[in-house]
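Fold and geometry: a report
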Amino acid sequence: MMEDLPELLTALASEQTRARTAKNLRCIRGIRGVPQGEIARIAAELWRSDPPQLPRDGPELAAAFGAAWEDGLIAIALLATALADDPPLALQIGLDWAERTDDLLTADALGWLILAPCALLSSCEDEILARLEPCRPEARRAAIAMGLGLLPLPVEGPAAAGLRAKHGIRHVQIVDHARSDRLAPLCSHLARDPAPAIQKGLRRVLRAWGAHDPGALVRWAAEVKGGLPRMLSDEVRRTSRRHAGSP
């Protein structure tokens, strides 16, 4: 399925794009220098030419993830399309990748496209948190990015291209309403994590949660033991003011 991927990406790479991407992220797997639009296009084309299946294509996807940053996003895009074939296997693959992740874009894609659907299918949040909590902040970011998949948000980034191709629609979201019952314990677990990557990721989740279920967010915040860090409490206050002013 993916034997031609390195050659395809190499042909599309440029030093200018690599340098521009490297200014915004570091990735120990390396950056080829392929525009994100091309990453998305290739992911969609690979799905159309040979939709991946689990467990058949698990080893090939794992090998692609380790090749370079761009290859990793394509691997995530394709794993997301096959996740329902074998959710427990998809979860283990996603956790293995998250443990190795050292950039936030990859972490967000993993949390949103892989870990959130696995959690919804298998109620495995505790397993995810137990695996990722001892890891570096970028890996823990994948755990909080699950919250984005528990909200009715169109999935962003090139890794969404596989699901867009599979479903034939431009905007894909994982759920059709806020899963506040799942968001509350997840956010409580990570609310006092001091890492900036986690605080910023959680602020994004809280902002979206407040847009879709403000009452649940305000109730959750009032029950957090020890209170919230300033960045997060400010976000909740903004939501509370908007909610209070709603008709």
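Described in the following lines is the structure provided in the data block.

Moving on, we come to empty space enclosed by the protein. Unfilled space is identified by rolling a water-sized probe across the atoms. Counted according to the given criterion, the structure contains one cavity of 30 Å³ or more. Put simply, the largest cavity is a space of about 30 Å³. Residue lining of the largest cavity: L129, L132, E133, R140, A143, H189 and L190, and that is the complete set. At the level of secondary structure, the elements contributing two or more residues to the lining of the largest cavity comprise α8 (125-132), α9 (137-149) and α11 (180-190). A per-class count over the lining of the largest cavity returns four nonpolar, one polar and two charged.

In contact at an axis separation of 11 Å, helix α5 (residues 69-82) and helix α6 (residues 87-100) are set at 160° when each is read in the N-to-C sense. Our classification of the angle between α5 and α6 gives roughly antiparallel. You can see that α5 and α6 cross each other, and the crossing is left-handed. Contacts from A75, I76 and L79 in α5 reach A90, I93, G94 and W97 in α6.

Below, the discussion takes up the packing of aromatic side chains. Note on aromatic pairs: each is described by the distance of the centres and the angle between the planes. Counting across every chain of the model gives two aromatic pairs. Ring geometry for F65 against W97: centres 4.5 Å apart, planes inclined by 0°, an arrangement best described as stacked. Placement of the pair is F65 in helix α4 (residues 58-65) and W97 in helix α6, with a sequence separation of 32 residues. The exposure class assigned to F65 is buried, which follows from its relative accessible area of 0%. Ring plane angle 40° and centroid distance 5.6 Å describe the contact between W209 and W220, whose orientation is recorded as tilted.

Cut-offs and rules
- Residues numbered from 1 in each chain as written.
- Predicted model: local features only at pLDDT ≥ 70, side-chain atom pairs only at ≥ 80, totals over all residues.
- Heavy atoms only, no water.
- 1 Å grid on protein atoms, 1.4 Å probe; cavity = no way out; pocket = protein on both sides within 12 Å on 5 of 7 lines; lining within 4 Å.
- Points joined across faces, edges and corners; volume = space filled by probe spheres on them.
- Helix = DSSP H or I, 4+ residues; strand = E, 2+ residues; numbered from the N terminus.
- Nonpolar A, V, L, I, M, F, W, Y, C, P; charged D, E, K, R; others polar.
- Axes fitted to C-alpha atoms, helices over the stretch in contact; angles between N-to-C directions.
- Parallel < 35°, antiparallel > 145°, perpendicular 65-115°, else oblique.
- Left-handed = near helix turned anticlockwise from the far one by under 90°.
- Contact = heavy atoms within 4.5 Å.
- Phe/Tyr/Trp six-rings, centres within 6.5 Å; stacked < 30°, edge-to-face > 60°.
- Buried < 20%, exposed > 50% of the residue type's maximum accessible area, 1.4 Å probe, protein only.

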